[in-house]
Amino acid sequence: MLIRAFHDLDREVVDRLLAEAFSGPQPGGSPAASPPIEVVLNAALLGSVEFIPELALVAELDGAVVGYCITTRGWIGDRPALGLGPIGVDPGVQRGGIGSALVRETLRLATVRGEWVVALLGDPAYYGRFGFVPSTDLGIVAPEPAWGAYFQAARLDPGETPVGTFRYAAPFEAF
Ligand SMILES: CC(C)(COP(=O)(O)OP(=O)(O)OC[C@H]1O[C@@H](n2cnc3c(N)ncnc32)[C@H](O)[C@@H]1OP(=O)(O)O)[C@@H](O)C(=O)NCCC(=O)NCCS
């Protein structure tokens, strides 16, 4: 498996990949929109000022793009932070370590960049293994407090104490 930066030429295949990964029922049981909101959100993120090219990653298996993860600029109070997502893996190869490789590489690259915290909305059973904890454990308030423990954060710089309300890149506000 190869993890590399997303390129504009990957766009169509990434749209298709996210559409397939997010085509299942939504939390709460309602059917996914068509295309799923993650496809529309990702397109908006790629065109936003909060886009960070080196933190949009694809995973390739035998030359085919099978995974994607984007992390964009967000804020805690007035301080720049990062928001991870959407992330998706081709349903045919899920549970093969591709999602984990994308998350781990994102955290590595973010650390190298000198970023101090990454936040995301997702299942704690999955993201806990990468060091994510409920954001409130770190003093970070979710954009929607109802998200509870599903809004998580990983602190990259142990010397930093992030306190405040997290705000995602502007395109998230439409969803
Ligand atoms: C979530 C996702 C990116 C994980 O990628 P992946 O390549 O399948 O995951 P990995 O192979 O790295 O990890 C597999 C492990 O994660 C667990 N896992 C995968 N998705 C999970 C989820 N949504 N919630 C909890 N655990 C999950 C598996 O049970 C497995 O656990 P195990 O190692 O204890 O057996 C992928 O399943 C996916 O695209 N899902 C649909 C889209 C989605 O839900 N995206 C995330 C929104 S936050």
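In this text the structure is predicted, and so the values were computed from the model without any measurement.

The rules behind the values
Residues numbered from 1 in each chain as written. Predicted model: local features only at pLDDT ≥ 70, side-chain atom pairs only at ≥ 80, totals over all residues. Helix = DSSP H or I, 4+ residues; strand = E, 2+ residues; numbered from the N terminus. Rg over C-alpha atoms; globule rule 2.2 N^0.38 Å. Buried ≥ 20, exposed ≤ 12 C-beta atoms within 10 Å, placed from the backbone. Contact = placed C-beta atoms within 7 Å. Near = placed C-beta within 6 Å. Nonpolar A, V, L, I, M, F, W, Y, C, P; charged D, E, K, R; others polar. Axes fitted to C-alpha atoms, helices over the stretch in contact; angles between N-to-C directions. Left-handed = near helix turned anticlockwise from the far one by under 90°. Arc of directions from axis to C-beta. Pairing = 2+ DSSP bridges.

Per the secondary structure count, the protein includes four helices and nine strands. The order of α-helices and β-strands along the protein, N terminus first, is β-α-α-β-β-β-α-β-α-β-β-β-β. At 15 Å, the protein has a C-alpha radius of gyration in line with the 16 Å of a compact globule built from 175 residues. Taking the principal axes of the C-alpha coordinates as reference, the protein spans close to 40 × 35 × 30 Å. Buried residues in the protein amount to 37% of all 175 residues. In the protein, the share of contacts with a sequence separation of at least 24, taken over all contacts with a separation of at least 6, comes to 65%.

This part takes up the site of the ligand. Contacts to the ligand come from 17 residues, most closely from Gln 94, Gly 99, Ser 100, Gly 122 and Asp 123. At the level of elements, strand E4 (79–89), helix H3 (98–112) and helix H4 (124–127) are the ones that each hand at least two residues to the shell around the ligand. The dominant element in the shell around the ligand, judged by the number of residues it contributes, is E4, at four residues. Considering only residue class, the shell around the ligand consists of seven nonpolar, eight polar and two charged.

The contact between helix H1 (residues 11–21) and helix H2 (residues 37–46) brings their axes to 8 Å, and the two run at 145°. Helix-helix and strand crossings are classified by hand; for H1 and H2 the assignment is right-handed. Judged by residue contacts, Asp 15, Leu 18 and Ala 19 of H1 engage Glu 38, Val 39 and Asn 42 from H2. For the contact of H1 with H2, the per-class residue count stands at three nonpolar, one polar and two charged.

This part is about H1. All of the buried residues in H1 are Val 14, Leu 17, Leu 18 and Ala 21. All buried residues of H1 lie within an arc of 95° about the axis, which places them on one face of the element. Looking at the buried side of H1, the elements it contacts are H2, strand E2 (56–61), strand E3 (64–76) and E4.

Of all five residues in strand E5 (residues 117–121), five are buried, a share of seventy percent or more. Alternating positions in E5 separate into two faces, Val 117, Ala 119 and Leu 121 on one and Val 118 and Leu 120 on the other, with burial throughout. Inspection of the sheet shows E4 paired to E5 by two bridges, in the parallel sense. Along E5, the bridge assignment pairs Leu 82 with Val 118. The sheet contact formed by E5 and strand E8 (residues 151–155) spans five bridges and is antiparallel. Its bridge partner being in E8, Leu 121 is matched across the sheet by Phe 151.

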